[in-house]
Amino acid sequence: MTSGVKPVNPEPDGFSASTESAPIGFSTNRWTLARKLLLVVIVTVISGLIGEMYGAIFYASSEFDYYIGFRIGASLGLFSATTEIFYIRAQRRSWIRRVPFLTGLLVRIVVLTIVIRICLVGNQLLTEWLLTSPTRSFQLELTAANQVRDTLISLALVIVFVIITQVFSIIGFRRFINLVVGRYFRPVSENRVFMFVDIVGSTRLARSLGDVRFHDYLSEFFHCVDGAIVENGGEIVSYVGDAVIVTWPLGSNRKDNARCFLALRSMLARVNASRSLFESEFGEAPVFRAALHGGPVVVGECGDSRRQVTFLGDTPNLTSRIETVTKEQDEAFLASATLIDRLDVPAGMSVQSIGKHAVRGVDDPVELFRVVFG
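Every chain is numbered independently, its residues counted from 1 as its sequence is written. Since the coordinates come from a predicted model, pLDDT governs what is reported: local features require at least 70, and pairs of side-chain atoms require 80 or more to be given and counted, while whole-chain, interface and lining totals use all residues. Remark: hydrogens and water are excluded; side-chain values derive from all non-hydrogen atoms of the structure.

Some thoughts on the overall build of the protein chain
Helix and strand definitions here come from DSSP, where helices need a minimum of 4 consecutive H or I residues and strands a minimum of 2 consecutive E residues; each element is numbered from the N-terminal end. Across its full length, the protein chain carries 13 helices and eight strands. When the 374 residues of the protein chain are sorted by exposure, 46% land in the buried category. Method for areas: the Shrake-Rupley scheme with a 1.4 Å probe, in which residue coverage is limited to the protein chains shown. When the accessible surface of the protein chain is totalled, it reaches about 19,000 Å², and 62% of it is carbon and sulfur. Whether a residue is buried, partly exposed or exposed follows from its accessible area with a 1.4 Å probe, protein chains only, as a fraction of its type maximum: under 20%, in between, or over 50%, in that order.

Brief notes about helix α11 (residues 275-282)
By the burial criterion, the buried members of α11 are R275, F278 and F282. Each buried residue of α11 sits inside an arc of 75° when the element is viewed along its axis, so together they form one side. In α11, those exposed residues whose orientation departs by more than 90 degrees from the buried face are S276 and S280. Packing partners of the buried residues in α11 comprise α7 (202-209), α8 (211-231) and α10 (259-273). Just past α11, the residue G283 takes up positive phi, approximately 85°. Note that the arc is defined by the directions from the helix axis to the C-beta atoms. For this analysis, residues touch if any pair of their heavy atoms sits within 4.5 Å.

Quick word on unusual backbone geometry
What you tend to see is this: most non-glycine residues have negative phi, and most peptide bonds are trans. Of note in the backbone geometry, D330 takes a positive phi value of approximately 55° without being a glycine. Considering the arrangement of structural elements, one finds D330 in the loop between α12 (314-328) and β6 (333-336). The exposure class assigned to D330 is partly exposed, which follows from its relative accessible area of 34%.

Things to note about the packing of aromatic side chains
Centres within 6.5 Å make a pair out of two Phe, Tyr or Trp rings, where for Trp the six-membered ring is used; the pair is then stacked when the planes are under 30 degrees apart, edge-to-face when over 60, and tilted otherwise. Overall, the coordinates contain ten aromatic pairs when judged by the stated rule. A ring pair is formed by F194 and F311, whose centres lie 5.6 Å apart and whose planes are at 80°; its orientation type is edge-to-face. Placement of the pair is F194 in strand β1 (residues 188-199) and F311 in strand β5 (residues 308-312), with a sequence separation of 117 residues. For the pair F278 and F282, a centre-to-centre distance of 6.1 Å together with 35° between the ring planes defines the contact as tilted. With F278 and F282 both in helix α11, this residue pair falls four residues apart, about one helical turn.

Quick look at the side chain of E331
Assignment of secondary structure puts E331 in the loop between α12 and β6. Overall, the relative accessible area of 7% leaves E331 in the buried class. Reaching out from E331, the side chain makes a polar contact with the side chain of R370 at a distance of 2.7 Å. Counted as a polar contact is a pair of N or O atoms within 3.5 Å, where, for protein atoms, one must be capable of donating a hydrogen and the other of accepting one, and residues adjacent in sequence contribute only when both atoms are in side chains.

Let's talk about α8
Here, expected helix span is obtained from the residue count minus one, scaled by 1.5 Å. Taking 1.5 Å as the rise per residue, α8 with 21 residues should run 30 Å; its terminal C-alpha atoms sit 30 Å apart, in good agreement. In α8, a bend of some 25° at V225 exceeds every other bend along the element. Across the chain, bend at a residue is computed as the angle between axes fitted to the seven residues ending at that point and the seven starting from it.

Here we look at the environment of G300
Among the structural elements, G300 can be located in strand β4 (residues 288-302). Of the residues examined, G300 reaches a relative accessible area of 7% and is grouped as buried. Remark: the alpha-carbon pair of G300 and Y184, spanning 116 residues in sequence, is separated by 4.6 Å. Setting aside residues no more than four positions away along its own chain, G300 makes contact with Y184, P187, Q308, V309 and T310.

Notes on the environment of S208
Residue placement: S208 occurs in helix α7. Within the local environment of S208, its side chain forms a polar contact with the backbone oxygen of L205, the two atoms lying 3.0 Å apart.

Describing the confidence of the model for the protein chain
What pLDDT expresses is the predictor's confidence in each residue, scored from 0 to 100. In the predicted model, the protein chain carries a mean pLDDT of 79, and the fraction of residues at 70 or more is 78%. Taken together, the stretch residues 134-140 has pLDDT below 50 and engages in 15 contacts with residues farther than four places along the chain or on a different chain.

Looking at the pattern of salt bridges
Salt bridges are defined as contacts in which a side-chain nitrogen from Lys or Arg sits within 4 Å of a carboxyl oxygen from Asp or Glu. All told, the structure shown has eight salt bridges when counted by the stated rule. R192 is the partner of E190 in a salt bridge, and the nearest nitrogen-oxygen pair spans 2.9 Å. Among the ionic pairs, K327 bridges to E323, the shortest N-O distance being 3.7 Å. Linking K327 with E323, this pair stays in helix α12, spanning four residues, or about one helical turn. With relative accessibility at 25%, the residue K327 sits in the partly exposed group. The buried category is assigned to E323, whose relative accessible area is 9%.

This is the structure in structure tokens:
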């Protein structure tokens with residue numbers, strides 16, 4: 001890649017103070033926090049219901065007082081979901097995310113086994129304490145066989161949850177749901193925004209860092225911008241070399257259509273906030289460019305041994321061509337007039353026309369706008 005664009009990404013006004021001290025991977029967006037808390041609640045409730053059904057199957061109703069099955073399941077779900085969502089999945093630099101998945105899974109199994117035993121015994125003791133009537137006693141059969149069975153089944157369910165979260169992180173939650181429900185089993189036409197993001201000077205960086213270190217560099221950069229994309233409703237289509245391709249639905253709501261601009265601003269803020277980390281570990285902070293465009297696209301599943309949702313049409317192709325123009329015109333962030341006409345530019349941002357430019361593969365010149373912060 002060429003390195004002609006400005007050497008430092010401009011920092012959006014109003015973001016310096018709030019993001020400088022924020023560690024990579026932690027969201028400052030309240031809506032994102034609310035969604036995470038909602039997910040924890042959902043997992044907790046579902047786990048509690050599974051625990052109650054388990055008790056109804058394996059124990060007599062007289063033995064399961066004060067919803068002990070629900071309490072055991074809910075406590076396990078609460079611990080597992082909170083740990084996965086707020087620690088393991090949220091912190092890029094947590095030690096468990098820097099070891100192979102199998103190693104991390106074995107560590108989880110050991111820790112979860114201890115937690116499961118605490119939840120089982122703790123809730124059984126709580127039930128005994130709640131049974132204050134002198135005419136009643138706690139009759140749950142605490143045989144070794146029952147304890148082993150309860151522990152193993154609980155552990156199996158928690159491991160399934162951990163593996164599902166790992167699958168989500170590999171293919172994306174939204175894409176996983178679309179594949180399961182068959183939304184794109186047959187191709188459909190949609191209007192979508194696309195954003196192509198790539199790192200300036202990546203070829204030089206790869207040579208200076210070496211392939212392995214450059215991979216670490218890219219991983220850190222992708223994780224850095226990922227939160228900004230997800231928080232603003234974006235879906236990562238793919239990582240291609242040093243580039244990331246992102247998409248949003250393009251509808252009639254101009255404010256919703258502007259989420260791609262908000263994501264770009266948040267990405268910039270996160271990268272600037274992490275500058276010292278990149279400089280200390282890799283000797284140089286990333287500078288990136290982005291191209292944005294919107295329009296019709298055909299979306300459908302492809303492949304057999306590996307199913308994948310693909311986006312076909314002129315819209316993603318033209319976005320890629322605009323990304324090439326950012327290099328040719330020494331611009332950091334460019335958006336097409338077609339997209340600008342369908343959104344309200346967020347406060348603190350503006351656009352400036354740089355005229356019409358010939359784009360390879362397009363007959364007529366395309367009007368482009370520079371995206372400006374401040």
